[in-house]
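Per-entry structural report
Spelled out from the first residue to the last, the chains are:
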Amino acid sequence: MSTHAAARVAAPTRREQILREAARLFAERGFHGVGVDEIGAAVGISGPGLYRHFPGKDAMLAELLVGISERLLEGGRMRVSEDAARGDGSPDALLDALIEGHIDFALDDRPLITLHDRELDRLRDTDRKRVRRLQREYVEVWVGVVRALYPSLAENRARVTVHAVFGLLNSTPHLARPEALPGRAVTAALLHRLARGAFAAAEPS
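Source: prediction; values computed, not measured. (Residues numbered from 1 in each chain as written. Predicted model: local features only at pLDDT ≥ 70, side-chain atom pairs only at ≥ 80, totals over all residues. Heavy atoms only, no water.)

A pair of packed helices is characterised by two quantities: the angle between their axes and the separation of those axes. For the pair helix α8 (residues 155-169) and helix α10 (residues 184-202), the least separation of the axes is 10 Å and the interaxial angle reads 160°. Relative to α10, the element α8 lies roughly antiparallel. Crossing of α8 against α10: the hand is right-handed. Judged by residue contacts, R157, T161, V162, V165, L168 and L169 of α8 engage L191, L194, A195, A198, F199 and A202 from α10. (Axes fitted to C-alpha atoms, helices over the stretch in contact; angles between N-to-C directions. Helix = DSSP H or I, 4+ residues; strand = E, 2+ residues; numbered from the N terminus. Parallel < 35°, antiparallel > 145°, perpendicular 65-115°, else oblique. Left-handed = near helix turned anticlockwise from the far one by under 90°. Contact = heavy atoms within 4.5 Å.)

What follows deals with the packing of helix α2 (residues 14-29) against helix α4 (residues 57-86). As a packed pair, α2 and α4 sit with axes 10 Å apart at the nearest point and diverge in direction by 95°. The angle between α2 and α4 falls in the class roughly perpendicular. Residues R15, I18, L19, A22, A23 and F26 of α2 touch α4, and the partners they reach there are K57, M60, L61, E63 and L64. Broken down by class, the residue content of the contact of α2 with α4 amounts to eight nonpolar, no polar and three charged. (Nonpolar A, V, L, I, M, F, W, Y, C, P; charged D, E, K, R; others polar.)

With that out of the way, let us pick up the layout of surface pockets. What the second largest pocket holds in volume is close to 410 Å³. For the lining of the second largest pocket, the elements supplying multiple residues, two or more each, are α4, α5 (91-108), α6 (110-119), α7 (125-149) and α8. Take the lining of the second largest pocket: its biggest share by element is six residues, from α7. Class assignment of the residues belonging to the lining of the second largest pocket gives a composition of 10 nonpolar, seven polar and three charged. (1 Å grid on protein atoms, 1.4 Å probe; cavity = no way out; pocket = protein on both sides within 12 Å on 5 of 7 lines; lining within 4 Å. Points joined across faces, edges and corners; volume = space filled by probe spheres on them.)

Of all hydrophobic cores here, the largest spans 57 residues; its most connected members are F26, I39, M60, W142 and F199. The set of elements that each furnish at least two residues to this core consists of α2, α3 (36-43), α4, α5, α6, α7, α8 and α10. Sequence-distant contacts of I39, that is, excluding residues within four places in its chain, are made with I18, A22, L25, F26, V34, L50, K57 and M60. (Core = buried A, V, L, I, M, F, W, Y, C linked by side-chain atoms within 4.5 Å. Buried < 20%, exposed > 50% of the residue type's maximum accessible area, 1.4 Å probe, protein only.)

The next point concerns α2. Across its 16 residues, α2 extends 22 Å between first and last C-alpha, which sits within 8% of the 22 Å expected from 1.5 Å per residue. Considered for burial, the residues of α2 that qualify are I18, L19, E21, A22, A23, L25, F26 and A27. Along its buried surface, α2 packs onto α3, α4 and α6. Immediately downstream of α2, the backbone of G30 shows phi near 85°, a positive value. (Expected span 1.5 Å × (residues − 1).)

Inspection of the entire model under this criterion finds 20 salt bridges. For D125, the salt bridge goes to K129, with nearest N and O atoms at 3.2 Å. Remark: K129 and D125 occur in helix α7; sequence separation between them is four residues, near one turn of the helix. Where E137 meets R133, a salt bridge forms, and the shortest distance between an N and an O atom there is 3.1 Å. Pair noted here: E137 and R133 are both in helix α7, with a separation of four residues, about one helical turn. (Salt bridge = Lys/Arg side-chain N within 4 Å of Asp/Glu carboxyl O.)

Once that is clear, we can look at the confidence of the model for the protein. Residues of the protein with pLDDT of at least 70 account for 92%, and the chain-wide mean is 90. In the model, residues 1-8 has pLDDT below 50 throughout and makes five contacts with residues more than four positions away in sequence or in other chains. (pLDDT = per-residue confidence, 0-100.)

Attention now moves to the packing of aromatic side chains. The final tally for this structure, using the stated rule, is five aromatic pairs. With a centroid separation of 6.1 Å and 75° between ring planes, the pair formed by Y138 and W142 is classed as edge-to-face. Placement of the pair is Y138 and W142 together in helix α7, with a separation of four residues, close to one helical turn. No difference in accessibility class separates Y138 from W142, as the two residues are buried. Clustering of aromatic rings is evident, with ring pairs tying together Y138, W142, F166 and F199. The positively charged end of K57 is found above the aromatic ring belonging to F31, 4.4 Å away from the centroid. (Phe/Tyr/Trp six-rings, centres within 6.5 Å; stacked < 30°, edge-to-face > 60°. Lys NZ or Arg CZ within 6 Å of the ring centre and 35° of its normal.)

This is how it looks when you write it as structure tokens:
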């Protein structure tokens, strides 16, 4: 079993449980529509008990949004490093790997996409700037891979296309309830084809 597979099956820690439920509740009802007691009840502890893990809701929101930005960037860089280490990797396969990784996020962490859209401005200035910096670095990972695959694609055009693909993939919270989608595997395959089509369409004719 790979490290990532093992991480997926490992039981979540109490801190991870709190963050997961906070993300769900914040996405459903808004940051100010959820109390600490409700988050505690969702994980089976008293509201005051949450303060052993987080100083308050603001800290939960910051960890959620900074944390997912860090994980996306780390995942992108890891895929690039693994491709380079193989020695016989290709930009085509690497772009597929990046797309697959982002699709996993888009389908499995839908509440975090909603939180980013609605609540990013609630972060402290330092945390918000950190999220933006991490996101820019993540975009540049993709730009490098896209331009290696499509050398005729200008850097600014590649960057616009990467942002457009992120918008496409990150639209999943707006599509429907998860149970109304055509199945995870089918949805993932469709999103992958659409993303690859967008990159191919961006190449100058």
